[in-house]
Amino acid sequence: QERCGRTIGDHRDITVRGLELVRSCDRIFLEHYTSILGVDAAQLSEFYGKKVVLADRDMVESESDKILDPAVDGGVAFLVVGDPFGATTHSDLAIRAKERGIEVKVVHNASIMNAVGCTGLQLYRFGHTISIPFFTDTWKPDSFYDKIQHNDSDKLHTLCLLDIKVKEQDYDALVQGKGTRYLPPRFMSVATAASQLLEVEAKRGGGHCSGERKAIGLARVGQESQLIVFGTLAQLASRDLGPPLHSLILCGELHELEEQMLAMFALPADKCPELVAKAEAESDEEDEGEAKS
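Description of the structure in this document.

Here Ser 45 is to be found in helix H2 (residues 41–48). What makes Ser 45 buried here is its relative accessible area of 17%. Those residues in contact with Ser 45 that lie beyond four places of it in its chain are Lys 50, Lys 51 and Val 52.

This is the structure we're talking about:
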């Protein structure tokens, strides 16, 4: 089994070694729930010359034999957006393969964890990375606030990974006897994340996520329509950065060089509406392509 990082842009961003391995495999799976790629499976299939099967959470975590069985005596590529070991579940899959005597080769690639260097922030000045989930009316976890506080105590930046909901079951339909149905995919925006952080701040009151907190919004990092904006949490809470995927950074103490870089992305960003419009147009074209396929 080959575990190949697909980076965070589109089908062209795979490494040469990774491409050679993928094209040599009999089966190709694309992990499709911890992140998404800037192109659809049909485009990948055309690029590789072989069918690419989307592997959702159920397949990877509960039905992994569908991936591992053909790898016993054949070549299987398991593609990951970002680096192969960017999520715990990918380590679990590698362990299961080893237990079955399946050789695992890993090809690393860029992920959001290091691509955030595009903001000009120095990577060694980041602290704990946090995940921000979608809030509901009855569920608003805020344990991540403690990690933000810890990072702030060391004057470090905080990378916030934003929630993704893919193939989420529609429980209302199930209760109504309509069988298993799935809700449309949802991808948290920078505006939603900033708004939720402000809500948590109102509850916790530690001053770590105030409206004046300096922050960076990132959208579609690695793609042609990549967008970076620098401002305050209050500003980002009302800023539309266009289609997914988004990430958010809470700035710690800024070095002079970091400040000079961030000045290029400071709000108001004149190109922001233009880039968002371009990204939305590209997203619409991809949706039309998927509908035809």
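Attention shifts here to the packing of helix H7 (residues 144–153) against helix H9 (residues 190–204). For the pair H7 and H9, interaxial distance at closest approach is 11 Å and the crossing angle is 85 degrees. In terms of orientation, H7 lies roughly perpendicular with respect to H9. Taken together, the residues of H9 that come into contact with H7 (itself represented by Phe 144, Tyr 145, Asp 146 and Ile 148) are Leu 197, Val 200, Glu 201 and Arg 204. Its residues assigned to classes, the contact of H7 with H9 comprises 5 nonpolar, no polar and 3 charged.

What helix H1 (residues 16–24) keeps buried is the set Gly 18, Leu 19, Leu 21 and Val 22. One side of H1 holds all its buried residues, which, seen down the axis, span an arc of 165 degrees. Opposite the buried face of H1, at more than 90 degrees from it, the exposed residues are Val 16, Glu 20 and Ser 24.

Attention now goes to the nonpolar core. Formed by 26 residues in total, the largest nonpolar core has its most connected members in Ile 132, Leu 162, Leu 197, Leu 233, Leu 236, Leu 248 and Leu 250. Those elements that place two or more of their residues in this core are strand S6 (130–132), H7, strand S7 (158–162), H9, strand S10 (214–219), strand S11 (227–232), helix H10 (233–236) and strand S12 (246–250). Counting residues per element, this core draws most heavily on H9, at 5 residues. Contacts of Leu 197, omitting those with residues within four sequence positions, involve Ile 132, Phe 144, Ile 148, Cys 209, Leu 233, Leu 248 and Leu 250. Judged by nonpolar contacts, the second largest core, of 16 residues, contains Ala 115, Val 116, Phe 230 and Phe 265.

A rise of 1.5 Å per residue sets the reference length of H9, with its 15 residues, at 21 Å; its end C-alpha atoms lie 21 Å apart and thus fit the reference within 8%. Taken as a whole, H9 has its buried residues at Val 190, Ala 191, Ala 193, Ala 194, Gln 196, Leu 197, Val 200 and Glu 201. Contact partners of the buried residues in H9: S6, H7, S7, S10, H10 and S12. Just past H9, the residue Gly 205 takes up positive phi, approximately 70 degrees.

Across the 5 residues that make up S7, a large majority, 4, are buried. Examined bridge by bridge, S6 and S7 share 3 bridges and lie parallel to one another. In the sheet register, Ile 130 faces S7, and the bridge partner there is Cys 160. You can see the chain leave S6, run along H7 and come back into S7, and the turn it takes is right-handed. Where S7 lies against S12, 4 bridges are found, and the strand directions are antiparallel. Each residue of the ladder has a partner; that of Cys 160, found in S12, is Leu 248.

Cut-off values and rules
- Residues numbered from 1 in each chain as written.
- Predicted model: local features only at pLDDT ≥ 70, side-chain atom pairs only at ≥ 80, totals over all residues.
- Heavy atoms only, no water.
- Helix = DSSP H or I, 4+ residues; strand = E, 2+ residues; numbered from the N terminus.
- Buried < 20%, exposed > 50% of the residue type's maximum accessible area, 1.4 Å probe, protein only.
- Contact = heavy atoms within 4.5 Å.
- Axes fitted to C-alpha atoms, helices over the stretch in contact; angles between N-to-C directions.
- Parallel < 35°, antiparallel > 145°, perpendicular 65-115°, else oblique.
- Nonpolar A, V, L, I, M, F, W, Y, C, P; charged D, E, K, R; others polar.
- Arc of directions from axis to C-beta.
- Core = buried A, V, L, I, M, F, W, Y, C linked by side-chain atoms within 4.5 Å.
- Expected span 1.5 Å × (residues − 1).
- Pairing = 2+ DSSP bridges.
- Right-handed = clockwise from strand over helix to strand, strands pointing away.

That is the geometry; function is a separate question.
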